[in-house]
Amino acid sequence: MKCIHFTKNGERMERLQKVIAHSGVASRRKAEQLILEGRVTVNGEVVRELGTKVRPSDDVEVNGVRLEKEEPVYFILYKPRGVVSTVNDDKGRKTVANFFDHLKFRLYPVGRLDYDTSGLIIMTNDGEFANYLMHPKFKIEKKYVAKVQGAIPREKLKELEYGVQLEEGKTAPAKVNMLSFDRTKGTSIVELTIHEGRNRQVRRMFEAIGAPVIKLKREQYAFLTLTGLNAGEFRELTPKEVKQLRNMAINK
Ligand code: URA
């Protein structure tokens, strides 16, 4: 797992060359060269160490020019099915970032939803905030609604709840709520709330109990829901919501 460093007041430490590269002034490689040449300062001091970690509040200058900090922005996107949760796609498919093409911000998704999964995804340019939310130790709950094949016996629902064995290990306890069963179609609608974020986790959990997923939607992320949004629409988070999310992560 990727190692993430935090300061005591909760700021995320990043490698200097990464911060320079992210700001867009140089590639990662060029940034390393600039550091080695003594052309980078942190809070006024020349730094020549490539591994140096800096916090978001540090002032970084390259060739005497301070790195611009883009205003942090936060959105909820209702991702439709048939969209990839990356910024660029080498197959030319539509990405979650494309919904924001008309805005000037470089936005990244917080976590992933599969190409075929619809639902709530947070988009931001605040990498520190995104890393908080994604860090497994903060256990942010995500609620999914799945349409699955077949009727699910009670003991199988209990398995989902207590943890099912996947290839890489047992899943953490989850909340399960059976919503309905369609006798004619032979399909069930089940609500599943998990706080882990393994790859294709919900699909694999249902597969493990013999009920393959037909359709999957993420309805809730922490306390955020899709209320008022249609597929393909987004809204900005309120400052209160951003603060609440930040506090949730830090206070856990
Ligand atoms: N679990 C899945 O299987 N797919 C998603 O997109 C999200 C969670």
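The structure presented is a predicted model; accordingly, all values stated were derived computationally and were not measured.

The rules behind each value
- Residues numbered from 1 in each chain as written.
- Predicted model: local features only at pLDDT ≥ 70, side-chain atom pairs only at ≥ 80, totals over all residues.
- Heavy atoms only, no water.
- Salt bridge = Lys/Arg side-chain N within 4 Å of Asp/Glu carboxyl O.
- Helix = DSSP H or I, 4+ residues; strand = E, 2+ residues; numbered from the N terminus.
- Buried < 20%, exposed > 50% of the residue type's maximum accessible area, 1.4 Å probe, protein only.
- Axes fitted to C-alpha atoms, helices over the stretch in contact; angles between N-to-C directions.
- Parallel < 35°, antiparallel > 145°, perpendicular 65-115°, else oblique.
- Left-handed = near helix turned anticlockwise from the far one by under 90°.
- Contact = heavy atoms within 4.5 Å.
- Nonpolar A, V, L, I, M, F, W, Y, C, P; charged D, E, K, R; others polar.
- Near = heavy atom within 4 Å.
- Polar contact = N/O pair within 3.5 Å; in protein donor to acceptor, adjacent residues only side chain to side chain.
- Areas by Shrake-Rupley, 256 points an atom, 1.4 Å probe, with all protein chains shown as cover.
- Domains from an automatic or database assignment.
- Buried area = accessible area lost by both parts, 1.4 Å probe.

Peer 1: Can you lay out the pattern of salt bridges for me, pointing to particular residues and giving the numbers?
Peer 2: One side chain can pair with another of opposite charge once the charged atoms of both are near each other. One pass over the full model with this rule turns up 16 salt bridges. Between glutamate 141 and lysine 175 there is a salt bridge, with the nearest N and O atoms lying 3.0 Å from each other. One end of the pair, glutamate 141, is in the loop between α3 (127-134) and β11 (142-149); the other, lysine 175, is in strand β14 (residues 175-182), with 34 residues separating them in the sequence. Here lysine 175 falls in the partly exposed class, since its relative accessible area comes to 49%. One salt bridge connects lysine 156 with glutamate 159, and the closest N-O pair in it is separated by 3.4 Å. Of this pair, lysine 156 and glutamate 159 both sit in helix α4 (residues 154-162), separated by 3 residues, roughly a single helical turn.

Peer 1: Break down the packing of helix α1 (residues 16-23) against helix α2 (residues 28-36) for me, with residues and values.
Peer 2: Between two packed helices, the angle of one axis relative to the other and the distance separating the axes together describe the packing. Between α1 and α2, the least distance of the axes is 8 Å, while the angle of their chain directions is 125°. Classed by the angle they form, the pair α1 and α2 counts as oblique. Here α1 and α2 pass one another in a crossing that is right-handed. Of α2, the residues touching α1 (which contributes Leu16, Gln17, Lys18, Ile20 and Ala21) are Arg28, Ala31, Glu32 and Ile35. Looking at the contact of α1 with α2, its residues break down into 5 nonpolar, 1 polar and 3 charged.

Peer 1: How would you explain the site of the ligand if you had to name every residue and give the values?
Peer 2: Contacts to the ligand come from Leu113, Asp114, Thr117, Tyr144, Arg200, Gln201, Val202, Arg203 and Leu216. At 3.0 Å from an oxygen atom of the ligand is found a main-chain nitrogen or oxygen belonging to arginine 203. Computed on the free molecule, the ligand has an accessible area of 240 Å², of which 95% lies beneath the protein chains in the complex. The element that contributes the greatest number of residues to the shell around the ligand is helix α5 (residues 201-208), accounting for 3 residues. Across the shell around the ligand, the residue classes tally to 4 nonpolar, 2 polar and 3 charged. Built from parts of two domains, the shell around the ligand gets at least three residues from each of domain 2 (74-136 + 224-250) and domain 3 (141-221).

Peer 1: Tell me what's going on with the domain arrangement of the protein chain, and back it up with residues and numbers.
Peer 2: In terms of domain boundaries, the protein chain breaks down into domain 1 (5-66), domain 2 (74-136 + 224-250) and domain 3 (141-221). Relative to domain 3, the C-alpha centre of domain 2 lies at a distance of 23 Å. Between domain 2 and domain 3, the residue contacts involve 17 residues of the former and 10 residues of the latter. When domain 2 packs against domain 3, close to 1200 Å² is buried across both sides, 43% of that on carbon and sulfur atoms.

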